[in-house]
Every structure is written in structure tokens, then in C-alpha cells.
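Inside the fold
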Amino acid sequence: DTGVSQNPRHKITKRGQNVTFRCDPISEHNRLYWYRQTLGQGPEFLTYFQNEAQLEKSRLLSDRFSAERPKGSFSTLEIQRTEQGDSAMYLCASSLLGPITPGYTFGSGTRLTVV
Amino acid sequence: KNEVEQSPQNLTAQEGEFITINCSYSVGISALHWLQQHPGGGIVSLFMLSSGKKKHGRLIATINIQEKHSSLHITASHPRDSAVYICAVRGINTDKLIFGTGTRLQVFP
């Protein structure tokens, strides 16, 4: 197991286009989290899953954003009708049960640039 | 006011110096994490604390729950320690992390 994998690493898109990111967590981890990080700021929570159930969503996750984890393994984050303000690093993390337990692991992120 | 505040925002040091980064938070927590982020985005978990003190190599993390304060210390700093160090807390009855804005550390030879 090579850790949490995110694809693509970089994405440049034109404003108004849809983009989809993928996160493959550590295989035995049942919790998966999405965070967004803008330049010079700490990451902000977007949403998290336990297995395939989406347990919590931030108000940052507008109706243009949707996340799924259909089989409780990998997850996708889709942004529709991208805006320049969506430009950020999108980070995925996974853990077993919750971040209070050992094994809270981050991926390397997907850097989105909307032009 | 952010729920998690770090100081300083930027820190430069000479190799070998003792480094302290501080984190204060205003919410009830069940755990606090110290994380390291290198250019390019990857985040590595250094410590998870709910009380007391932890040590790993040259890194030491302490937390005072009553004062809602944590510190990360680096002894005998080295240029490879140069990174952004982020404090993050897990609230009570929630599984999400609330992050500070990070402390950018540069250690010069």
C-alpha cells in the first residue's frame, strides 16, 4: 500500500468547465476526507465519508460541488461550472474510524487552476 | 478571529537552533495534530495529541488542555526541517479537522 493517492496532480481548466478529481485512500481506511487549501492558508474542510455514506458537508461545498464514494473505496470530487475562485489545492485524507486514531494520512493533493 | 491561531507566521533560523512554534485554539477539542507540509502540497502527520507531551527524534510536541495551547519544538534544527508546520484540531462530536494557517520555517546552513 503506497498511501493515499490523488489524481490528477495538476489540472488547468477554463472557467465554466467541469472537473473531476479522484482519491484512492489506504485500503483498510474506512473514513475519507476532502479539504481545500488556498495559497497561504490552512486547509478547509469540505466533506467526509464513512464507507460510502457522506456524513458531513461544509457550507463551502456549494451546489456546484459534489463528492461520492460509491463503493466505500475510492472517492471523486466534481466541480461543475468552475469559477476562478475554485483555484486551490484539493487534498484528500483517509483514516481508520476517525482522525483521533493513528493513521490519518493525507494525499499529495490535486492543484486546480481555473483560467 | 480564527478558531486556531499559530505564531509566528514566518520563522527563520540558523542550523542548530532550537525552534518553537505555538498554537492556540478557542474551541473544545478531542485531539490536536501537528502536520508538516513541503512545497508541492504533500502533508505529513507529525503528532496527534490529546494530553501531555510526545517526542519523536528531534521533534517534541506539548499540549495544555486547560490553557488551550500547544507547542511544537524542534531541537538542533537542520535545513531539511524547512517546511510549513500546521496545527489542526478535531472538535468534540465532529470528525473534521480545523486548521491553523501554518508557520513557514526556513533553516539556513
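If you're wondering where the values come from, they're calculated on a predicted model, not measured in any experiment.

What about the sheet that holds strand β8 (residues 75-79) of chain A?
Residue and element names in this part refer to chain A. The strand order β1-β3-β8-β7 describes an open sheet built from four strands, whose pairing is antiparallel. Edge positions in the open sheet fall to β1 (5-7) and β7 (65-68), since each of these has one partner strand only. Across the sheet, the mean angle from the axis of one strand to that of its neighbour is 15 degrees, orientation sign disregarded. Alignment of β7 against β8, held across four bridges, turns out to be antiparallel. For E68, the partnering residue across the bridge sits in β8 and is T76.

Here's the deal with the environment of S108 of chain A
Relative to the helices and strands, S108 of chain A is located in the loop between β10 (105-106) and β11 (110-114). Counting along the chain gives 29 residues from S108 of chain A to I79 of chain A, while the straight-line C-alpha distance between them is 19 Å. Once residues within four sequence positions are removed from consideration, S108 of chain A is found in contact with V4, Q6, R9, M89 and L91 of chain A together with G40, G41 and G42 of chain B.

Details of the nonpolar core
Within the largest apolar cluster, 24 residues are counted, with the highest numbers of intra-cluster contacts made by L32 and W34 of chain B. Looking at this core, the elements that each hand over two or more residues are β2 (10-14), β3 (19-25), β4 (29-37), β5 (43-49), β7 (59-64), β8 (69-74), β9 (83-91) and β11 (103-108) of chain B. Residues C23, L46, F49 and L77 of chain A belong to the second largest nonpolar core, which totals 19 residues.

Some words on the sheet that holds strand β1 (residues 4-7) of chain B
Residues and elements named next belong to chain B. The antiparallel open sheet is built from five strands, whose spatial order is β1-β3-β8-β7-β6. A single partner strand is all that each edge strand has here, and the edge strands are β1 and β6 (52-56). This sheet shows a mean twist of 15 degrees between the axes of neighbouring strands, independent of strand direction. One ladder, built from six bridges, connects β3 with β8; its direction is antiparallel. By the bridge assignment for β8, N22 is matched with S71.

Procedures and definitions
- Residues numbered from 1 in each chain as written.
- Chains lettered and ligands numbered in written order.
- Predicted model: local features only at pLDDT ≥ 70, side-chain atom pairs only at ≥ 80, totals over all residues.
- Heavy atoms only, no water.
- Pairing = 2+ DSSP bridges.
- Helix = DSSP H or I, 4+ residues; strand = E, 2+ residues; numbered from the N terminus.
- Axes fitted to C-alpha atoms, helices over the stretch in contact; angles between N-to-C directions.
- Contact = heavy atoms within 4.5 Å.
- Core = buried A, V, L, I, M, F, W, Y, C linked by side-chain atoms within 4.5 Å.
- Buried < 20%, exposed > 50% of the residue type's maximum accessible area, 1.4 Å probe, protein only.

What is shown is where atoms sit, not what they do.
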